[in-house]
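Descriptive structure summary
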Amino acid sequence: MTLTASEGVYRSSLLLQFPWLDHGFGGRKAAKWPPERHAALVQVHGATVVTASEPGPQGEGDALVTSVPNLYVTIRTADCLPLLLVDPSQRKVAAVHAGWRGTVAGIPTKAIAAMGSDPSDVWVAIGPGIGPCCFEVGDEVAREFGASGRQCIDLFAYNRQRLIDFGVPALQIAGEAPCTKCSPDEFHSFRRSREAAGRMHAAIAIRP
Ligand SMILES: [Zn+2]
């Protein structure tokens, strides 16, 4: 397990190697990111990447990029995968929301393109989301993943492979995280709780 939990926030050992970075995946106990330094999107399960230069609402989109120090780019999820990206050579970061639609649309690699990064420079941590144990889909969604009929889809593996195919070194991807639906004490899950599900906040920032 490459995620370590402290006070309800899960941090990736892969990203902790960068001392100038602050990051984490919130769990059921809400993570407290500084509200006055917080940039957020209206998420629409699309593939639009937005670049943030100041705190506050950033419009519609599903990936938020910044190079501004002390600005927390944030993403809310409950089963969809949160991905946190960093390019140390350019000191740019991104927070990405990838449900099955965003996964199929390749939003993590679109975020790398929007960062203007060489994929070989990018490090990625994938946070808690719905696992292949619980993400059963019908034929229509399965076909989007090159399968057919009722299937269990592994969004973690699919996103990881897509990043590798794009040129991100496998050793720079922390691609395993707990299943949100399987861990009711730790995580919110839309598939488990439906409309009553809360949301978890993932964030990344360049320290001032
Ligand atoms: Zn599960």
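Our structure's up above, just so we're on the same page.
A brief report on the enclosed structure follows. (Residues numbered from 1 in each chain as written. Predicted model: local features only at pLDDT ≥ 70, side-chain atom pairs only at ≥ 80, totals over all residues.)

Formed by 58 residues in total, the largest nonpolar core has its most connected members in Val73, Leu85, Ala94 and Val124. Ranked by residues supplied to this core, first place goes to strand E15 (residues 200-206) with six residues. Among residues more than four places away in sequence, those in contact with Ala94 are Ala63, Leu64, Val65, Val73, Leu85, Ala111 and Met115. (Core = buried A, V, L, I, M, F, W, Y, C linked by C-beta atoms within 7 Å. Buried ≥ 20, exposed ≤ 12 C-beta atoms within 10 Å, placed from the backbone. Helix = DSSP H or I, 4+ residues; strand = E, 2+ residues; numbered from the N terminus. Contact = placed C-beta atoms within 7 Å.)

Taken in spatial order, the seven strands make up an open sheet running E1-E2-E3-E15-E8-E4-E6, and their pairing is mixed. Strand pairing shows two members of the sheet lacking a second neighbour, strand E1 (3-6) and strand E6 (56-60), which therefore form its edges. Neighbour to neighbour, the strand axes of the sheet diverge by 30° on average, direction disregarded. As paired strands, strand E8 (residues 72-77) and E15 are joined by five bridges and run antiparallel to one another. Looking at the pairing, Ile75 lines up with Ala202 of E15. (Pairing = 2+ DSSP bridges. Axes fitted to C-alpha atoms, helices over the stretch in contact; angles between N-to-C directions.)

In this section: the environment of Trp123. Structurally, Trp123 is set in strand E11 (residues 123-126). Overall, the presence of 22 C-beta atoms within 10 Å leaves Trp123 in the buried class. As for Trp123 and Leu84, which are separated by 39 residues in sequence, their C-alpha atoms are 8.4 Å apart. Among residues more than four places away in sequence, those in contact with Trp123 are Leu14, Leu15, Val86 and Gln172.

The terminal C-alpha atoms of helix H5 (residues 155-166) lie 16 Å apart, and with twelve residues this matches the ideal 16 Å at 1.5 Å per residue to within 8%. Turning to H5, its buried residues are Leu155, Phe156, Asn159, Arg160 and Leu163. All buried residues of H5 lie within an arc of 130° about the axis, which places them on one face of the element. Away from its buried face, by an angle of more than 90 degrees, H5 presents the exposed residues Ala157 and Asp165. Trailing H5 by a residue or two, Gly167 shows a phi angle of about 120°, which is positive. (Expected span 1.5 Å × (residues − 1). Arc of directions from axis to C-beta.)

Turning to the environment of Thr109, a few remarks are in order. With respect to the helices, strands and loops of the structure, Thr109 is situated in helix H3 (residues 107-115). The spatial distance from the C-alpha of Thr109 to the C-alpha of Leu15 is 18 Å, given a sequence separation of 94 residues. In this structure Thr109 touches Arg162, Leu163 and Phe166, once residues within four positions along its chain are discounted.

Where H3 contacts H5, the axes come no closer than 9 Å and their chain directions differ by 35°. Contacts between H3 and H5 pair Pro108, Thr109 and Ile112 from the former with Asn159, Arg162, Leu163 and Phe166 from the latter. Of the residues assigned to the contact of H3 with H5, the class counts are four nonpolar, two polar and one charged. (Nonpolar A, V, L, I, M, F, W, Y, C, P; charged D, E, K, R; others polar.)

A word on the pairing of E8. Taking burial as the measure, the six residues of E8 include five buried ones, the bulk of the element. The pairing of strand E4 (residues 38-42) with E8 spans two bridges and is parallel. From the neighbouring strand, Ala39 faces E8, where its bridge partner is Val73.

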